Amino acid sequence: MAADVEQQRYDAEQITVLEGLEPVRTRPGMYIGSTGARGLHHLVYEVVDNSVDEALAGYCKNIDIKIQADNSIMVEDDGRGMPVDIHPKLGIPAVEVIHTVLHAGGKFGGDGGYKVSGGLHGVGASVVNALSEYMEVEIKRDGKLYRQTYSRGEPTSGLEVVGESKKTGSKTMFRPDPEIFDEIEYDFGTLEHRFREMAFLNKGVRINIVDERDGKKRKESFFYEGGIREFIKHQNANKEPIHADIIYFEASRQSEEGGGDAELEIAIQYTKRFNETIFTYANNINTIEGGMHLAGFRSSLTRVFNDYARRTGVLKEKDDSFTGEDVREGMTAIISVKLVKPQFEGQTKAKLGNSDIRGFVESTTNERLMAFLEENPSQAKTIMEKIYGTYKIRLKTQKVREAERKSLMDGGSLPGKLADCSEKDPELSEIFLVEGDSAGGSAKLGRDRRRQAILPLRGKILNVERANIDKVLSSDEIKNMITAFGCGIDDNFDLEKLRYHKIIVMTDADVDGAHIRTLLLTFFFRHMTQLIQNGNVYIAQPPLYQVKRGKDVHYTYSEKEQDKLMRRLGEASPNAKYDIQRYKGLGEMDAAQLWETTMDFATRTLIQVTMDDYVLADETFVTLMGDKVEPRRRFIEENAKYVKNLDI
Ligand code: 0RA
C-alpha cells in the first residue's frame, strides 16, 4: 500500500480547489457538527487526522499533541512536512492552499492514500483555520524551517523561511476562536480516549498527549505494536475471556481485484458474557451504524462456525444450524477497514456503504477464522462449547420466544398499564417512564392527555447487562416498554415505527431512582442503541425542594439553586418564615405539582441523553453493570465527585 502511494507524486498540481472559507464561519455547525464541546474537540481530531494519514502512508512515526496553557493546541509530526511548492493556478504555496481553501488537498482530495473523510471528519486544516483566532504552521523540509501564520481563515504572513533544520515534519498550533465556540476549555479525558483509540487502530504510530495547563499537568503516551489485538485486551479487561489467544488477522487488497485498494484488520475474543460487542471502523471512524464490513463479518462467522461444528461432529446431520445470534453471544470483536473512497451512509453518516468491502471481509474471515480454529483445537473447543450452550438454550425456549417476539414486534395490543396519549403523530407524542405506581398515578392525572403517555414501572427493572436475550424478553417491564414504543429491538429495531419521539425517564432523586435510571439506560443502550444515538431519550428533572409561604411557592432543582433562593428570599424579607419541603420521591407530589414542576412543556427542564462516544459508553456500562465488582467500586469512587442531586 505504501509503495502504491509513493508512486503518486504529490505536488501542488494535485490540489483541487473548491471554495472559500466564509461559509465555515457563517455556519460552523455544517462543518464540525456543533460549536459546543464536541465541535471544539473535533478541531484537534482534524489536525491529528492529517498527521495520521502521513503515518499511514508510511512516512511518520510520532505524533505529539499538547494542550497549552491558554487552551491552544499544538500538533507535531515527524512526516515529510507539508508541501511548500507554489500552486500553478493560484500562485501561492501549497501549504497556504491547504489552510485557506475549503476541501483542498493533494491526498486531501482523495486519490492517494486513505483520506479520513467520514461524516464530519476530513474537512481539514482549512476549517480549523477558519474557526481559530490564531493558527501557525511550521514545516521542516529540504533543510529549511518554514513558517506561516493565519487568523480566522486568512493568512497573516507569507510563507517564510525562518531557519534551518536537518529534520522533516509538520507542526500546527491553533487557538479556537471564542467568537465561534461556546466554550474553549479542552477536556484531557476526551482527547486521551480518542487518541488511545487512534493508536490502537494505527499500530506502530506513537501518539503522545501532554496537558500543560496550570493545575492539570498530565501526559499519556500511546503506542501499540499489536494494534487492535491490544484494543481487545483493553476492552475485555473487565470481562472474563474464555480462551487465551486473541484471534487476529489482517489482509490487503489491490485495486486490480476490483473496488480499489483496501486493508482490513480483525480481532476477536470470546468472553463469558451475553452481549456481543462488535466495534467497526472505516478509516479510523467508528461506524456505529455498521455497514458492509459488519455484514460480511457476520455472515462469515455464522458460516465458519456451522461448517466447523458439522465437520467436527458437534452438530449432527439432522441438527438445526447455529444462528448469527448463537455464534456472536459473548463475543468482543473489532473490525477495522481502510479504503480509498469510503461512502458513509445512514442517519448519522456512520454506516459504511461500499458494497465491495462485504465480500472482501467475508472471504478473508472465512479463510482466516477457519485457519485459527484448525490450528488451535483446544481453544476452538472452548468456543464451540460456548456457542453450543447458547444454541441449546435457544432451541429449548425457541417456541415461547418466537411467539413472544412476534407479538412484541407486531405492535400487538398495548400494555394494560400504559395510559396512552390521544395524539397519533409520534413527533408530537411523548412517553414518561415513571418509577412506582403512586407517582404513576399522579402523572396520569397531571399530564396533558393529548400528547403525554404514562407507563408506570414497578421497582427495579432487569439488569440486561447480565441477562441473556430469553431473560430480557421474559421481563414484564421490558415487554411493556417494547410494545409501548412499537419500534422493536436489536436487529428488528425500526426507528420509523417509534410511537413517541420523546422517551422521558422520570425517577426519584435518590439512589434507587438513579439505579433504575441506569438500568433503563442500559436496556436502551444494549437493545435500542439508535434511540440514544438519535436523541430520543430524556431524563426528567423533578424538583428537590419546595419553598412555600402562603401563596408564594418556589421549587428548586439543586442544592446550589436552593441556597441561592434562600439567600435571595432572606435578603428580600429577613423576617419571613418559609415552609421548606425536601422531596424524597415523586410520590410526594400531587398531580398538579408534578405537572407544574416536571411535566409542563413550557417550564420543565429535560436532559437529553447523548452518546458522543460509543466505545466509551460501552466501557462504562460494562464497568457499571457487568460481572466484576472491583472495577465497579473503583469507577464509582472515581466518579462520585461528579454525582450531584443524589439523596444518599
Ligand atoms: C502531501 C504531500 C506531502 C506532505 C503532506 C501532504 C503532508 C501533510 C501533512 C499534514 C500534517 N502532517 C503532514 N505531513 C505531510 C509531501 C510530499 C512530498 O514530499 O513530495
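Everything below is about the structure printed above this text.
Described in the following lines is the structure provided in the data block. Not measured: the values here are computed from a predicted model.

Conventions we followed
Residues numbered from 1 in each chain as written. Predicted model: local features only at pLDDT ≥ 70, side-chain atom pairs only at ≥ 80, totals over all residues. Heavy atoms only, no water. Phe/Tyr/Trp six-rings, centres within 6.5 Å; stacked < 30°, edge-to-face > 60°. Helix = DSSP H or I, 4+ residues; strand = E, 2+ residues; numbered from the N terminus. Buried < 20%, exposed > 50% of the residue type's maximum accessible area, 1.4 Å probe, protein only. Lys NZ or Arg CZ within 6 Å of the ring centre and 35° of its normal. Pairing = 2+ DSSP bridges. Axes fitted to C-alpha atoms, helices over the stretch in contact; angles between N-to-C directions. Contact = heavy atoms within 4.5 Å. Nonpolar A, V, L, I, M, F, W, Y, C, P; charged D, E, K, R; others polar. Near = heavy atom within 4 Å. Polar contact = N/O pair within 3.5 Å; in protein donor to acceptor, adjacent residues only side chain to side chain. Areas by Shrake-Rupley, 256 points an atom, 1.4 Å probe, with all protein chains shown as cover. Patch = residues over 30% accessible without salt bridge, like charges linked within 9 Å, V, L, I, M, F, W, Y side chains within 5 Å. Salt bridge = Lys/Arg side-chain N within 4 Å of Asp/Glu carboxyl O. Lys, Arg positive; Asp, Glu negative; His and termini not counted. Charge placed at Lys NZ, Arg CZ, Asp CG, Glu CD.

Let's talk about the packing of aromatic side chains
In total, this model carries 14 aromatic pairs according to the counting rule given. A ring pair is formed by Phe279 and Tyr614, whose centres lie 5.7 Å apart and whose planes are at 90°; its orientation type is edge-to-face. Residue Phe279 is found in strand 12 (residues 277–282), and its partner Tyr614 is found in helix 20 (residues 614–625); the two are separated by 335 residues along the sequence. Comparing Phe279 with Tyr614, the two get one shared label, buried. When the ring of Phe322 is compared with that of Tyr391, the centres are 5.1 Å apart and the planes differ by 85°; the resulting orientation is edge-to-face. Placement of Phe322 in the loop between helix 9 (292–311) and helix 10 (324–328) and of Tyr391 in helix 12 (residues 377–409) is noted, with a sequence separation of 69 residues between them. In terms of burial, Phe322 and Tyr391 fall into one category: buried. One residue, Arg194, lies across the ring of Tyr45, its end atom 6.0 Å from the ring centre. Over the ring of Phe223 we find Arg206; its NZ or CZ atom is 4.4 Å from the centre of that ring.

Brief notes about the sheet that holds strand 22 (residues 552–556)
Ordered in space as 22-21-23, the three strands form an open sheet in which the pairing is antiparallel. Every interior strand has two partners, whereas the edge strands, strand 22 and strand 23 (579–582), have only one. Averaged over all pairs of adjacent strands, the angle between their axes in this sheet comes to 15°, without regard to strand direction. Sheet analysis places strand 21 (residues 545–549) next to strand 23, joined by four bridges and oriented antiparallel. The residue bridging Val547 from the neighbouring strand is Ile580, located in strand 23.

Remarks on the environment of Ser438
In this fold, Ser438 is placed in helix 13 (residues 437–446). What makes Ser438 exposed here is its relative accessible area of 51%. With 185 residues separating them in the primary sequence, Ser438 and Arg253 have C-alpha atoms 62 Å apart.

With respect to the packing of helix 8 (residues 228–235) against helix 20
Closest axis-to-axis distance for the helix 8/helix 20 pair is 11 Å, and the angle between their directions is 35°. Counting all contacts with helix 8, which are made through Phe231, His234 and Gln235, the residues of helix 20 involved are Val615, Asp618 and Glu619. Its residues placed into classes, the contact of helix 8 with helix 20 shows two nonpolar, two polar and two charged.

Section: the site of the ligand
In the neighbourhood of the ligand, 12 residues make up the surrounding shell, with Glu54, Asp77, Arg80, Gly81 and Arg141 lying closest. Measuring from a nitrogen atom of the ligand, one finds a side-chain N or O atom of Asp77 at 2.6 Å. At 3.1 Å, a side-chain N or O of Arg141 approaches an oxygen atom of the ligand. Its free accessible area being 450 Å², the ligand has 93% of it covered by the protein chains. Considering each element in turn, the shell around the ligand owes the most residues, three residues, to helix 4 (residues 37–56). In terms of residue class, the shell around the ligand is made up of three nonpolar, four polar and five charged.

Considering a positive patch on the surface
Together, Lys560, Lys564, Arg567 and Arg568 line one region of the surface with positive charge. Secondary-structure assignment places Arg567 in helix 18 (residues 559–572).

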